[in-house]
Amino acid sequence: MTNDVLRIEDRERVRTLVFNRPEAANAFNETLYLAVADALTEAATDDQISVVLLTGTGRTFTAGTDLKEMADIARAHAAGEPVGDAGKGFTTLMDVLVDFPKPLVAAVNGTGVGLGLTILAHCDLVLLAEGARLLAPFTTMGVAPEAGSSYLLPLRMGHQRAALALLAGEWITAEEAVASGLALRTCPPDTLLDTAHELARQIAAKPLRSLLATKRLVTEAHRDGVRRAMERESAAFDALLRDASAADNVLSRLD
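Rules and cut-offs
- Residues numbered from 1 in each chain as written.
- Predicted model: local features only at pLDDT ≥ 70, side-chain atom pairs only at ≥ 80, totals over all residues.
- Heavy atoms only, no water.
- Salt bridge = Lys/Arg side-chain N within 4 Å of Asp/Glu carboxyl O.
- Helix = DSSP H or I, 4+ residues; strand = E, 2+ residues; numbered from the N terminus.
- Buried < 20%, exposed > 50% of the residue type's maximum accessible area, 1.4 Å probe, protein only.
- Axes fitted to C-alpha atoms, helices over the stretch in contact; angles between N-to-C directions.
- Parallel < 35°, antiparallel > 145°, perpendicular 65-115°, else oblique.
- Left-handed = near helix turned anticlockwise from the far one by under 90°.
- Contact = heavy atoms within 4.5 Å.
- Nonpolar A, V, L, I, M, F, W, Y, C, P; charged D, E, K, R; others polar.
- Pairing = 2+ DSSP bridges.
- Right-handed = clockwise from strand over helix to strand, strands pointing away.

**Things to note about the pattern of salt bridges**
Argument step 1. By the definition in use, this model includes 12 salt bridges.
Argument step 2. Its salt-bridge partner being Glu42, residue Arg15 comes within 3.7 Å of it at the nearest N-O pair. With Arg15 in strand S2 (residues 14-19) and Glu42 in helix H1 (residues 30-45), this pair connects stretches of sequence that are 27 residues apart.
Argument step 3. According to the relative accessible area criterion, Arg15 is buried, its value standing at 3%.
Argument step 4. One salt bridge in this structure joins Glu198 and Arg201, with 2.8 Å as the shortest N-O distance. Residue Glu198 and its partner Arg201 are both found in helix H9 (residues 192-204); the two are separated by 3 residues, about one turn of the helix.
Argument step 5. Residues joined in a network through salt bridges with shared partners are Asp95, Asp99, Glu220, Arg223 and Arg227.

Set out below in structure tokens:
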């Protein structure tokens, strides 16, 4: 299965989702947000799928939210104009991620910016290509953290490393991601996807009911905390976007 922005492959009880906007560094526009949300929703209720694997096309995992769309929203906020359903794709995907009942594995094939970093905190296992880098650009852009990262990154990485990532916006190397606990291991780029799929296949071979119960036990204790964090982040994000300089901050990232 495939469409313009997302490639989908089901094999050995593993569904692989490949972000497929190479012309935009696999950035998430509304179409990609909703496509990934739909694919995860379908996988959640498909008894032939036990594990989902996320990766990107080419040398980029994902550059995060499409900045052109984000700049348009920032301009509308700054002008006090209604934004309608703008941003609906992001919130839809976040709702699906928080409640996703099956193991989620990421194969980070290259640079991950914004959501390319924060989505990893929702994954159960993360493998990175050697040389991959991650970045949380939110303060640089004059906005707030997203995707529950204000809660999940300190939980995964420890407060100091999460604060450095979120406040200073410094690049995180693949080795630093592993050392912090955000990722399991690094792999040579040419073997990353095969290694990640083999790990996913080994997990998928286990009884599905046991996998569902185990995932629920691991994540349930933090689910309410993640949702409350996302509510706080959304309020802060919206307030910051109403600042007249917010659109300029976002647009500066396009240069």
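**Observations concerning the packing of H1 against helix H3 (residues 88-99)**
Argument step 1. Between H1 and H3, whose axes approach to 8 Å, the crossing angle comes to 25°. Considering the angle they form, H1 stands roughly parallel to H3. You can see that H1 and H3 cross each other, and the crossing is left-handed. Residues Glu30, Tyr33, Leu34, Val36, Ala37, Leu40 and Thr41 of H1 form the contact with H3, whose participating residues are Lys88, Gly89, Phe90, Thr92, Leu93, Val96 and Leu97.
Argument step 2. Across the contact of H1 with H3, the residue classes break down as 9 nonpolar, 3 polar and 2 charged.

**Details of the sheet that holds strand S7 (residues 125-129)**
Argument step 1. Reading across the sheet, the 6 strands line up as S1-S2-S3-S5-S7-S10 and stay open at both edges, with mixed pairing between neighbours. Of all the strands in the sheet, just strand S1 (6-11) and strand S10 (185-187) have a single pairing partner and so form its edges. Adjacent strand axes in the sheet meet at a mean angle of 20° when their direction is disregarded.
Argument step 2. The sheet contacts of H1 involve S1, S2, strand S3 (51-56) and strand S5 (104-108), and relative to S2 the element is tilted by about 180°.

**Regarding the pairing of S2**
For a regular strand, side chains alternate in direction, first toward one face of the sheet and then toward the other.
Argument step 1. With respect to burial, S2 is a largely interior element, 6 of its 6 residues being buried.
Argument step 2. In S2, alternate side chains face the same way, and those of Val14, Thr16 and Val18 on one face and Arg15, Leu17 and Phe19 on the other are all buried.
Argument step 3. The antiparallel pairing of S1 with S2 creates a hairpin that spans 2 residues between the two strands, and Glu12 there sits at a positive phi of about 55°.
Argument step 4. The sheet contact formed by S2 and S3 spans 6 bridges and is parallel. Of the residues in S3, the one forming a bridge with Phe19 is Gly56.
Argument step 5. On the question of chirality, the crossover connecting S2 to the parallel S3 by way of H1 is right-handed.

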